Amino acid sequence: GTPRIVSSFSERVVAPGEPFSLMCAAKGAPPPTITWTLDDEPVARDSAHRASQYTLSDGSTVSHVNVTNPQIRDGGVYRCAARNSAGSAEYQARINVRGACLLFNLRRLGFKPHHLPDP
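In this report, we go over the structure that sits alongside the text.

Definitions and limits used
The numbers attached to residues start from 1 for each chain and follow its sequence in the written order. Thresholds applied to this predicted model are a pLDDT of at least 70 for local features of residues and 80 or more for the giving and counting of side-chain atom pairs; totals over whole chains, interfaces and linings are not thresholded and use all residues. The side-chain figures draw on all heavy atoms in the structure; neither hydrogens nor water molecules are used. Secondary structure elements are defined from DSSP: runs of H or I of at least 4 residues count as helices, runs of E of at least 2 residues count as strands, and each element is numbered from the N terminus. Accessible area is worked out with a 1.4 Å probe on protein chains only. A residue is then buried under 20% of its type maximum, exposed over 50%, and partly exposed in between. Contacts are assigned to residue pairs that have any heavy atoms within 4.5 Å of one another. Any two strands with at least two DSSP-identified bridges between them are counted as paired. Axes, fitted as lines to C-alpha atoms, cover a helix only where it is in contact. Angles between the N-to-C directions of the axes lie from 0 to 180 degrees.

## Considering the overall build of the protein
Along the backbone of the protein there are one helix and nine strands. Helices and strands in the protein line up, N terminus first, as β-β-β-β-β-β-β-β-β-α. Counting over 119 residues, the protein shows a buried share of 32%. Here the contacts in the protein between residues at least 6 apart in sequence split such that 60% fall between residues at least 24 apart.

## Side note on the sheet that holds strand 3 (residues 20-27)
The strands making up a sheet are joined through hydrogen bonds of the backbone, oriented either antiparallel or parallel. The sheet built from four strands is open, its strands ordered 1-3-7-6 with antiparallel pairing. Lying at the two open borders of the sheet, with one neighbouring strand each, are strand 1 (4-7) and strand 6 (49-55). Averaged over all pairs of adjacent strands, the angle between strand axes in this sheet comes to 25°, irrespective of strand direction. When strand 3 meets strand 7 (residues 61-67), the two strands line up antiparallel, connected through seven bridges. Across the sheet, the residue bridging to Phe20 is Val67, located in strand 7.

Keep in mind these values describe shape, not function.
Here it is as structure tokens:
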């Protein structure tokens, strides 16, 4: 039958350099193949991005994308698409990669805003 996404990842914010992993699982007959895109471009297969895929005994396909050292450009809308001969299904969510707030960085550099109590 047509694939359906049975498990997926959720939207989140990660800091640059903080590794993250996204997981997507789909069921269908025949077992679907899962592909990943980031902002509609195929996710780069390089040392910083590893995609893996395996089929479980119940026939569902599980795929992970591991991003070991995310940079700002690795943020965006990640989509997993499950396809087989009967059709396709998609899921997407935004992963934001951004630095911690300015206040935290200033405090770390030793600036002490006088109106804020120290933690």
